[in-house]
Amino acid sequence: MSTVTIEPLLHGYRRENLNHGHRTKILLKPNLLNYSFKSVSNAGWFCQFRKLHTIKASSSTSTDTALVETFDSGDVFFKESFPLKRTETVEGKIFVRLEKGKDEKNWQLSVGCDIPGKWILHWGVSYIDDNGSEWDQPPKNMRPPGSVSIKDYAIETPLKKLLEGDTFQQVKIDFDSKSEIAAMNFVLKDEETGSWYQHRGRDFKVPLMDYLQDDGNVIGTKRAFGLWPGALGQLSNMIVKAGASKSKVEDSRSESRGLKQEKRVLEGFYEELPIAKEVVIDNSVTVSVRKCLQTAKNLLYLETDLPGDVVVHWGVCRDDSKKWEIPSPPYPPETIEFKNKALRTLLQPKEGGNECSGLFTLDEEFAGFLFVLKLNENTWLRCMGNDFYIPLSNSSCLPAEPTQVMSTTGKSEQAEKEVSQTAYTNGIIKEIRNLVSGISSEISQKKKSKEAQQSILHEIEKLAAEAYSIFRTSVPTFSELEEAAAESEVLKPPAKISSGTGSGFEILCQGFNWESNKSGRWYMELKEKAAELSSLGFSVIWLPPPTESVSPEGYMPKDLYNLNSRYGNMDELKDVVRKFHEVGMKVLGDVVLNHRCAHFQNQNGVWNIFGGHLNWDDSAVVGDDPHFQGRGNKSSGDSFHAAPNIDHSQDFVRKDLKEWLCWLRKEIGYDGWRLDFVRGFWGGYVKDYLDASDPYFAVGEYWDSLSYTYGEMDHNQDAHRQRIIDWINATNGTAGAFDVTTKGVLHSALGRCEYWRLSDQKGMPPGVVGWWPSRAVTFIENHDTGSTQGHWRFPSGKEMQGYAYILTHPGTPSVFFDHIFSHYRSEIEGLISLRKRNKIQCRSIVKIVKAERDVYAAIIDEKVAMKIGPGHYEPPNGPQKWSFVMEGRDYKVWEAAS
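It should be emphasised that the depicted structure is a prediction, and the values quoted were computed from it without experimental measurement. (Residues numbered from 1 in each chain as written. Predicted model: local features only at pLDDT ≥ 70, side-chain atom pairs only at ≥ 80, totals over all residues. Heavy atoms only, no water.)

**A word on the overall build of the protein chain**
Right, so step 1: If you tally the helices and strands in the protein chain, you get 17 helices and 40 strands.
Right, so step 2: Out of the 898 residues belonging to the protein chain, those deemed buried represent 51%.
Right, so step 3: Taking the intrachain contacts of the protein chain between residues at least 6 apart in sequence as the baseline, contacts between residues at least 24 apart amount to 68%.
Right, so step 4: When the accessible area of the protein chain is evaluated, it comes to approximately 40700 Å², of which 50% is carbon and sulfur surface. (Helix = DSSP H or I, 4+ residues; strand = E, 2+ residues; numbered from the N terminus. Buried < 20%, exposed > 50% of the residue type's maximum accessible area, 1.4 Å probe, protein only. Contact = heavy atoms within 4.5 Å. Areas by Shrake-Rupley, 256 points an atom, 1.4 Å probe, with all protein chains shown as cover.)

Here you go:
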């Protein structure tokens, strides 16, 4: 991703058009989960490129030029242009200025932006006696021309250019300094992208009173004045004085208000704030192939309008397996060998400097030319997630559409795999039998070592899990069996409630974010919203972790039976659960079973001795985590290194946890569970806990990284979703799992305008929802990925496209609290209503009808049609008639006409 820096400081209101070409720099930002890379410029990368061994080219530039001209002749047997999309970040400034108007009473707030776009100021005011962060609409005489009311709390005013063709836009708001307004609040919205720009993740706040608390989003206070774009002179810092100190006892609030209005003195300020906007740049690469009559070799000419130093990472293949290999020389100029696996050629600039190209001479023995384009170390351009493939034979010339890179396996190789798998399976069965014989022998010899038997039993459990995983790969998946059953009978709700699905029609609301603990009374705040959430159509709410915790958010539990947390006390928890039951909603408790924080240190000073009701010793801690020196068995999953990982193979641990879950069900009234960090222990233990506590619904968080190549997300994410499926299998389907795969694919599809990613190789959804939809809990954001943590934030401005997808598709959709109580609310409510009205459920059938670069469209249960992306789609009106229901930014939904 490149970054274009825009010089913001221009003098005078009469601004000339900018030429930003000389300010361009390249930054890298691959879409990797939980990783970021340092910026690397083209120049720095090219220096590194030139240090590598260079292979001398055999052809001269003049010869190449002559050959290129012949590509306009009629003997070209392949020519195709491929569209390329890349993202640039345009950097600029937001300008905020407060200045005196005609007199002391009249003042003016100006907000400007110097990045091109269709900018809207979304704003409101706070009055002196307002509590919290609520907005109010300003008086009508304060609203600039063109302003539009947004419900009863805000105004939207477009920014306007001073001159035609100018990039700088601004809006001016006049106000009376003697009014009761304490602050002005705003965010900036770009209507071209739908993105919202805030200040440090929160609304901008311009205080007009000195008693407002600076909560991190206040601007204008204690700042030196800079130059506004235009010769406006210098003003001092903003100072708001309340005059003389208040009396110790105020006669009334109105008297105090009058004192503040009478005594305060406003002084102007000016502040610049950085802003960055992502823009999608369209480029292309064109490849032509012709046969050289003199040498009988293939001549391949590649040209592109990509800027900067473009490298072709390339090789050739001999057959349809598309196995890369390096051809013999000659090579184009500036070609190097890369790790004996591929060649890299720096394309040469064409005359005029706007494009670059390369000419490749290839022997006729090769069937295809494979390549990807490299802009810098972490920016690679591929063809719909795969390598570009160019056929080198006019007799077998393939269609212009991109080719999927998939290896084909011969019968003999497949037979070898089957024999190998059978031998491996037999070996595992033999090991299990040997272990069972060992136990039997020990019993017969009366050597009843409890530790030895527990160790053997634990190994049997792990081997059984491994054997089950192998077995399930050779039989039809649960999703395939479900699909077959669904096609043979009319869709209807499951006859029996299952903890993996609930009723099948559940719509889940995450009832908190990362900051919810800070009020200290979240349970009571949520209780007030219970009826509202029920009326929106939610059937299940997920509450935050209830236990005493070292971390205020609750994910580092200590005494499991102590339910006095930062969200409220135990009585308040019971109260909020009771309230949600009254409005007809089920309640999930967020339980952390993988790890637990200790109360005491052992003799070595390590925190691994527990107190409270469950006063375990260090035998409850896994033995292979060196941080906490447990005496338990090896972990059956991944380690969580911040706290002691619990050894679930211990009988007493499982017994205690089952009793605790049953106590929560009975004492608090929870209906089910959200299970934290289930990667840390075997899913078979989860089945044990769910069988004991008998929840209405349960979902696990199995979150790990998706698959990437060259820093770009792979199209095929089967390995990723298979790991989630395997965990669900280990629970015997008693729990669902959050569909992290679908979230990741949506990130790349929507963020990069690559909607073809939303269909897998079999034309099905590419996430867990495409393989086992009834156990997939789909989501676009939660307290970890979004909120103030932002570990993996959904592409800005694309959230409603994400909800249009998950709320119309099978699986159990989960909606994030922050999105419900935002400007997305009415759209989310409309989609939920559509889902319920058409009885879309966790096993609904999806027919993908379009998955292209700029549009994805699908029909669900023959009842709902939808599309997301800027491209066009309308459902066909044949025997089935469709009625338009709703639309938003880059999404549209229809339902079957009755």
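**Thoughts on the nonpolar core**
Right, so step 1: In terms of nonpolar packing, the biggest core is built from 119 residues, with Leu533, Phe538, Tyr803, Tyr856 and Ile868 touching the most fellow members.
Right, so step 2: If near-sequence neighbours (up to four positions away) are discounted, tyrosine 856 is found in contact with Tyr755, Leu758, Tyr805, His809, Val846, Ile848, Lys850, Ala851, Met866, Lys867 and Ile868. (Core = buried A, V, L, I, M, F, W, Y, C linked by side-chain atoms within 4.5 Å.)

**Focus on helix H10 (residues 651-667)**
Right, so step 1: Over its 17 residues, H10 runs 24 Å from end to end, which matches the ideal 24 Å to within 8%, given 1.5 Å per residue.
Right, so step 2: Taken as a whole, H10 has its buried residues at Val653, Arg654, Asp656, Leu657, Trp660, Leu661 and Leu664. Burial along H10 is one-sided: seen end-on, the buried residues are contained in an arc of 165°.
Right, so step 3: The elements touched by buried residues of H10 are strand S26 (586-591), strand S29 (672-675) and helix H11 (683-693).
Right, so step 4: Looking one or two residues past H10, glycine 669 carries a phi angle of roughly 100°, positive in sign. (Expected span 1.5 Å × (residues − 1). Arc of directions from axis to C-beta.)

**Things to note about the side chain of lysine 892**
Right, so step 1: Within the secondary structure, lysine 892 is located in strand S40 (residues 891-896).
Right, so step 2: A polar contact is formed between the side chain of lysine 892 and the side chain of glutamate 874, at a distance of 3.1 Å.
Right, so step 3: Discounting chain neighbours no more than four positions away, the residues touching lysine 892 are Ala865, Met866, Lys867, Glu874, Phe884, Met886 and Glu887. (Polar contact = N/O pair within 3.5 Å; in protein donor to acceptor, adjacent residues only side chain to side chain.)

**What to know about the pattern of salt bridges**
Right, so step 1: One pass over the full model with this rule turns up 41 salt bridges.
Right, so step 2: The residue aspartate 176 makes a salt bridge to lysine 105 at a minimum N-O spacing of 3.7 Å. Of this pair, aspartate 176 sits in strand S10 (residues 169-176) while lysine 105 sits in the loop between strand S4 (76-100) and strand S5 (106-113), and the two are 71 residues apart along the sequence.
Right, so step 3: Residue lysine 105 is classed as partly exposed on the basis of its relative accessible area of 41%.
Right, so step 4: Where glutamate 667 meets lysine 574, a salt bridge forms, and the shortest distance between an N and an O atom there is 2.9 Å. (Salt bridge = Lys/Arg side-chain N within 4 Å of Asp/Glu carboxyl O.)

**Thoughts on the environment of methionine 585**
Right, so step 1: Tracing the backbone through its elements, the reader meets methionine 585 in the loop between helix H9 (570-582) and S26.
Right, so step 2: In the structure, methionine 585 is positioned 79 residues away from glutamate 506 in sequence and 9.9 Å away in space, judged by C-alpha atoms.
Right, so step 3: Those residues in contact with methionine 585 that sit more than four places away from it in its chain are Ala530, Leu533, Ser534, Phe538, Ser539, Val540, Ile541, Phe580 and Asp671.

**Some thoughts on the sheet that holds strand S37 (residues 856-860)**
Right, so step 1: Reading across the sheet, the five strands line up as S36-S37-S38-S40-S39 and stay open at both edges, with antiparallel pairing between neighbours. One side of each edge strand has no neighbouring strand; the edge strands of this open sheet are strand S36 (846-851) and strand S39 (882-888). Along the sheet, successive strands turn relative to each other by an average axial angle of 15°, direction set aside.
Right, so step 2: With six bridges connecting them, S39 and S40 associate as antiparallel partners. Within S40, the residue paired with glycine 888 across the bridge is tyrosine 891.
Right, so step 3: Across the sheet, helix H17 (residues 825-837) is in contact with strand S38 (864-868), S39 and S40; its angle to S39 comes to roughly 155°. (Pairing = 2+ DSSP bridges. Axes fitted to C-alpha atoms, helices over the stretch in contact; angles between N-to-C directions.)

**A few points about the sheet that holds strand S34 (residues 776-778)**
Right, so step 1: The strand order around the closed barrel formed by eight strands is S24-S25-S26-S29-S30-S33-S34-S35, and the pairing between neighbours is parallel. Across the sheet, the mean angle separating the axes of adjacent strands is 25° when strand polarity is ignored.
Right, so step 2: Where strand S24 (residues 508-510) and strand S25 (residues 540-542) come together, three bridges link them in parallel fashion. In the sheet register, cysteine 509 faces S25, and the bridge partner there is isoleucine 541.

**Describing the pairing of strand S13 (residues 204-207)**
Right, so step 1: Neither face of S13 is open: one carries Phe204 and Val206, the other Lys205 and Pro207, and all of them are buried.
Right, so step 2: Sheet topology places strand S11 (residues 181-190) next to S13; four bridges connect them, and they run antiparallel. Residue methionine 184 lies in a different strand from S13, and its bridge partner there is valine 206.

**A look at helix H13 (residues 740-751)**
Right, so step 1: Between its first and last C-alpha, H13 extends 16 Å over 12 residues, near the 16 Å set by a 1.5 Å rise per residue.
Right, so step 2: Counting buried residues in H13 gives 11 out of 12 residues, a clear majority hidden from the surface.
Right, so step 3: Within the sequence span of H13, burial applies to Val740, Thr741, Thr742, Lys743, Gly744, Val745, Leu746, His747, Ser748, Ala749 and Leu750.
Right, so step 4: In the stretch just after H13, cysteine 753 is the one whose phi turns positive, near 55°.

**Quick look at the packing of aromatic side chains**
Right, so step 1: The full count for this structure, using the stated rule, is 27 aromatic pairs.
Right, so step 2: Between the aromatic rings of phenylalanine 371 and phenylalanine 388, the centroid separation amounts to 4.6 Å while the plane-to-plane angle is 10°, which identifies the pairing as stacked. With phenylalanine 371 in strand S21 (residues 368-376) and phenylalanine 388 in strand S23 (residues 388-391), the pair connects residues that are 17 residues apart, well separated along the chain. Of the two residues examined, phenylalanine 371 and phenylalanine 388, each falls in the buried class.
Right, so step 3: Relative to phenylalanine 652, the ring of tryptophan 616 has its centre 6.4 Å away and its plane inclined at 75°; by these criteria the two rings are edge-to-face. One end of the pair, tryptophan 616, is in the loop between strand S28 (607-609) and H10; the other, phenylalanine 652, is in helix H10, and 36 residues separate them in sequence.
Right, so step 4: The exposure class assigned to tryptophan 616 is buried, which follows from its relative accessible area of 5%.
Right, so step 5: One residue, arginine 344, lies across the ring of phenylalanine 338, its end atom 3.8 Å from the ring centre.
Right, so step 6: Geometry around tyrosine 696 places lysine 586 over its ring, the cationic atom sitting 4.9 Å from the centre. (Phe/Tyr/Trp six-rings, centres within 6.5 Å; stacked < 30°, edge-to-face > 60°. Lys NZ or Arg CZ within 6 Å of the ring centre and 35° of its normal.)

**A few points about the confidence of the model for the protein chain**
Any segment with low pLDDT has predicted coordinates that should not be analysed in fine detail.
Right, so step 1: Mean pLDDT over the protein chain: 79, with 73% of residues reaching 70 or higher.
Right, so step 2: Confidence over residues 1-64 falls short of pLDDT 50; this stretch has 148 contacts with residues more than four positions distant or in other chains.
Right, so step 3: This stretch, residues 468-495, has a pLDDT under 50; its non-local contacts, to residues over four places away or in other chains, come to 44 contacts. (pLDDT = per-residue confidence, 0-100.)

**Regarding the pairing of S11**
Right, so step 1: Among the 10 residues in S11, 10 count as buried, and that is most of the element.
Right, so step 2: Across nine bridges, the pairing between strand S6 (residues 119-127) and S11 is antiparallel. Residue pairing for S11: isoleucine 120 is matched across the bridge by lysine 189.
Right, so step 3: Sheet analysis places S11 next to strand S12 (residues 195-197), joined by three bridges and oriented antiparallel. Note that in S12 the partner of aspartate 190 across the bridge is serine 195.

**Describing unusual backbone geometry**
Right, so step 1: Of note, the bond from proline 329 into proline 330 is cis; its omega dihedral lies within 30 degrees of zero at 15°.
Right, so step 2: Tracing the backbone shows proline 330 in the loop between strand S16 (311-317) and strand S17 (335-338).
Right, so step 3: Phi at phenylalanine 677 takes a positive value of approximately 45°, unusual for a residue other than glycine.
Right, so step 4: You can see phenylalanine 677 is positioned in the loop between S29 and H11.
Right, so step 5: Assessed through its relative accessible area of 14%, phenylalanine 677 is described here as buried.
Right, so step 6: One non-glycine residue, lysine 839, lies in the positive phi region at around 55°.
Right, so step 7: Looking at the element boundaries, lysine 839 is found in the loop between H17 and S36.

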